[in-house]
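# Results of the structural survey
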Amino acid sequence: MIGIDPGHKDIVTAYRNWYLEPPPLVGGACRSKRNQVRLKREKELGVSTYHISNRRWYHLNGFKCRRASNQHWARRAGLVEKNAQLGDNHDTKSSNPVEWKNYCLDVQNDWDTRFDVALSSDKAKQEFWVFKQKSRAVATLARELTGLKTLNSEQTKSIVLAWGNGGFGPTSKGHDAAPNKGLRKKLSQWFRIYLVDERG
């Protein structure tokens, strides 16, 4: 059994060889003391932990590379300066219909350039590459969780993921969007997943 705690800073925090009895808390002790007790108990029970950060998850999926390429193509087409001018000349958050009309007219002046960038063959190739990277990222996560070099459904179906059902929004201040339901659905092709109450 592997206990999974989903989150934003770390997409997944996993406890392998997960024990059913939580480590005892030290009454009245500070957090560092409680953590020392928890780590000692985990070591005695042979529990290992695994983390995959938000930053590394985005790197595995190719999102960081895609963002950098999009910025490069926009800069090469001169759209970075034009977007900056649009931001200076218009209030994009305004609810005034006249202001919105003027903004749309200014964007329309560069419509052909924007379409050329969005529909270029390089853009299409990159999106297909990112699509493949997403599948590879989930497979990489599954291998690292289990320590298996190859994923065999006969082996992995005997592994149970106890997935924490704590609810949180897809975004959090200071972090990129984090998958939860989608990641759980993709991992279900290899593992049996059960939702568990994080409040105990």
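Our structure is the block above this text.
Residues numbered from 1 in each chain as written. Predicted model: local features only at pLDDT ≥ 70, side-chain atom pairs only at ≥ 80, totals over all residues. Heavy atoms only, no water.

Glancing now at the overall build of the protein chain. When helices and strands are tallied, the protein chain shows nine helices and five strands. Secondary structure elements in the protein chain, listed N-terminal to C-terminal, are β-β-α-β-α-α-α-α-α-α-α-β-α-β. Relative to its full complement of 200 residues, the protein chain shows a buried share of 30%. When contacts within the protein chain are restricted to residue pairs at least 6 apart in sequence, long-range pairs at least 24 apart make up 71% of them. With an accessible surface of roughly 13,400 Å², the protein chain has 52% of that area assigned to carbon and sulfur atoms. (Helix = DSSP H or I, 4+ residues; strand = E, 2+ residues; numbered from the N terminus. Buried < 20%, exposed > 50% of the residue type's maximum accessible area, 1.4 Å probe, protein only. Contact = heavy atoms within 4.5 Å. Areas by Shrake-Rupley, 256 points an atom, 1.4 Å probe, with all protein chains shown as cover.)

The next point concerns the packing of helix 2 (residues 54–61) against helix 3 (residues 63–76). Orientation of helix 2 relative to helix 3, taken along the N-to-C sense of each, is 70°, at an axis distance of 5 Å. In terms of orientation, helix 2 and helix 3 fall into the roughly perpendicular class. In this structure, helix 2 uses Arg 55, Tyr 58, His 59 and Asn 61 to contact helix 3, whose residues at the interface are Phe 63, Lys 64 and Arg 67. A per-class count over the contact of helix 2 with helix 3 returns two nonpolar, two polar and three charged. (Axes fitted to C-alpha atoms, helices over the stretch in contact; angles between N-to-C directions. Parallel < 35°, antiparallel > 145°, perpendicular 65-115°, else oblique. Nonpolar A, V, L, I, M, F, W, Y, C, P; charged D, E, K, R; others polar.)

Below, the discussion takes up the nonpolar core. Trp 57, Leu 141, Leu 183 and Leu 187 are the most contacted members of the largest nonpolar core, which totals 25 residues. Breaking this core down by element, the ones donating at least two residues are strand 1 (2–6), strand 2 (10–16), strand 3 (48–53), helix 2, helix 7 (121–146), strand 4 (160–164) and helix 9 (181–187). Once residues lying within four places of it in the same chain are set aside, the contact partners of Leu 141 are Val 12, Tyr 50, Ile 52, Trp 57, Leu 183 and Leu 187. (Core = buried A, V, L, I, M, F, W, Y, C linked by side-chain atoms within 4.5 Å.)

Within the secondary structure layout, Gln 126 lies in helix 7. Classification of Gln 126 as buried rests on a relative accessible area of 8%. Discounting chain neighbours no more than four positions away, the residues touching Gln 126 are Cys 65, Arg 66, Ser 69, Asn 70 and Trp 73.

Scope: geometric values only; no functional claims are made or implied.
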